[in-house]
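What follows is the residue order along each chain.
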Amino acid sequence: MQQKAPVITKEEIAAGVFLVGVKSPQITMHAQPGQFLHVRVGQGPEPLLRRPLSIFQVDRKRGVLSLLFRVAGKGTNLLSRRRLGEDLDLVGPLGQGFDVPSGTRTALIVAGGLGVAPLFFLAQDLVRRGISIHFLMGARCQDQLLCRDQLQALSSHLQVSTDDGSDGFPGLVTQLLEEFLRRENLDSGSTLICSAGPEAMLAKVASLACQFGIPGQISMERNMACGLGACLGCVVLCRSRERVQTYRRVCVDGPVFRLEEVVFGE
Ligand SMILES: Cc1cc2nc3c(=O)[nH]c(=O)nc-3n(C[C@H](O)[C@H](O)[C@H](O)COP(=O)(O)OP(=O)(O)OC[C@H]3O[C@@H](n4cnc5c(N)ncnc54)[C@H](O)[C@@H]3O)c2cc1C
Ligand code: FES
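Bear in mind the structure is a predicted one, so any value in this text is a computation, not a measurement.

**Student:** Explain the site of ligand 1 to me, and be specific about the residues and the numbers.
**Tutor:** Surrounding ligand 1, one finds 20 residues, the nearest of these being R51, P52, G75, T76 and N223. Between ligand 1 and L68, the relevant distance is 2.8 Å, taken from a nitrogen atom to a main-chain nitrogen or oxygen of the residue. Within the side chain of N223, an N or O atom sits 2.3 Å from a nitrogen atom of ligand 1. Calculation on ligand 1 without its partners gives an accessible area of 870 Å², and the protein chains cover 72% of this total. Those elements that place two or more of their residues in the shell around ligand 1 are β4 (51–54), β6 (64–70) and α2 (74–80). With 4 residues, β4 is the largest single contributor of residues to the shell around ligand 1. Split into classes, the residues belonging to the shell around ligand 1 amount to 10 nonpolar, 5 polar and 5 charged. The residues that make up the shell around ligand 1 include at least three from each of domain 1 (2–94) and domain 2 (106–261).

**Student:** Outline the domain arrangement of the protein chain, listing residues and values.
**Tutor:** With domains assigned, the protein chain is organised as domain 1 (2–94) and domain 2 (106–261). Summarising the inter-unit geometry, the C-alpha centres of domain 1 and domain 2 are found 22 Å apart. Contacts between domain 1 and domain 2 engage 24 residues on the former and 23 residues on the latter. For the pairing of domain 1 and domain 2, the buried interface totals around 1,900 Å² over both sides, and the portion due to carbon and sulfur atoms is 68%. The largest share of the area that domain 1 buries against domain 2 comes from P33, F56 and R70, three residues that together contribute 28% of it. Counting across the interface, domain 1 meets domain 2 through 2 residue pairs in polar contact (both at pLDDT 80 or more).

**Student:** So, the pattern of salt bridges: which residues are in play, and what are the values?
**Tutor:** Close approach of charged atoms lets side chains of opposite charge pair. As enumerated under the stated definition, the model contains 17 salt bridges in all. Where D59 meets R62, a salt bridge forms, and the shortest distance between an N and an O atom there is 3.3 Å. Between R182 and E178 there is a salt bridge whose closest N-O contact spans 2.8 Å. Taken together, the positions of R182 and E178, both in helix α5 (residues 173–183) and 4 residues apart, correspond to about one turn of that helix. Taking relative accessible area as the criterion, E178 reaches 21% and is therefore assigned partly exposed. The structure contains a network of salt bridges with shared partners spanning R248, R249, D253, R258, E260 and E261.

Quick notes on the rules
- Residues numbered from 1 in each chain as written.
- Chains lettered and ligands numbered in written order.
- Predicted model: local features only at pLDDT ≥ 70, side-chain atom pairs only at ≥ 80, totals over all residues.
- Heavy atoms only, no water.
- Near = heavy atom within 4 Å.
- Polar contact = N/O pair within 3.5 Å; in protein donor to acceptor, adjacent residues only side chain to side chain.
- Areas by Shrake-Rupley, 256 points an atom, 1.4 Å probe, with all protein chains shown as cover.
- Helix = DSSP H or I, 4+ residues; strand = E, 2+ residues; numbered from the N terminus.
- Nonpolar A, V, L, I, M, F, W, Y, C, P; charged D, E, K, R; others polar.
- Domains from an automatic or database assignment.
- Contact = heavy atoms within 4.5 Å.
- Buried area = accessible area lost by both parts, 1.4 Å probe.
- Salt bridge = Lys/Arg side-chain N within 4 Å of Asp/Glu carboxyl O.
- Buried < 20%, exposed > 50% of the residue type's maximum accessible area, 1.4 Å probe, protein only.

What follows is the structure in structure tokens.
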């Protein structure tokens, strides 16, 4: 659905990272964790293409949803300058979100940097469903550990890592994940890894999940044009269950894929 939704809150929560709340009862009602919105960032014809942003959080009672984004270029810079009360032109919710199998008792959520954007809504949803969550969040340094207070309020099992050692585990979040998997004897039948972040990180998460025999799902990113499955501008190389390689579209087949489905580094 296409909707005009007014900006009702806006905060720069870290340098160049914005949390924007918009009022859209309809999108909020239908949104599922892991889905995204295609956002017209400017008010005029430029830029032509919408920008994909994950649905960070929804408040169905108030009909409000939030977007968490880093200023990465022209489009997100324009978006960061939109004012309270202005309407955002949104298309969504789009794509396939996380599909948590019934029987899942524990979710291991692994976020790298802005990867927290599609995972916070998931964590909220899992807590509501009574599924135990362990949230591992990594960032380059302490002030890039985003939305930590909200995550702490959601789960007592939050562990953080920083590349520069300024907070939490000193090192990569995937090293933290590896330690966690070695320490905890997780039941592969009732545990699910859910992850989002830089692609190199996701590749490592996939290899650890395979090594420890835990199923998982990851949220992938590609530059997008149509966002509707028509232009093939957003494909990732995947393999089917029969191990046949094929391209799949992030906008309609994803953005969330099974870990073993994605072919990394080719
Ligand atoms: C399904 C999906 C969900 C996303 N959710 C979020 C989110 O919640 N928060 C957030 O901050 N970002 C998110 N992104 C990434 C976001 O869409 C891009 O950062 C944004 O489109 C950049 O637009 P721009 O005009 O500011 O920058 P551009 O000028 O278009 O690009 C700036 C730089 O970012 C690179 N870039 C642009 N788009 C992508 C992309 N999709 N993947 C990797 N690199 C890219 C460009 O190659 C360039 O180097 C998501 C992407 C996808 C596909
Ligand atoms: S953006 Fe056009 S097919 Fe995905």
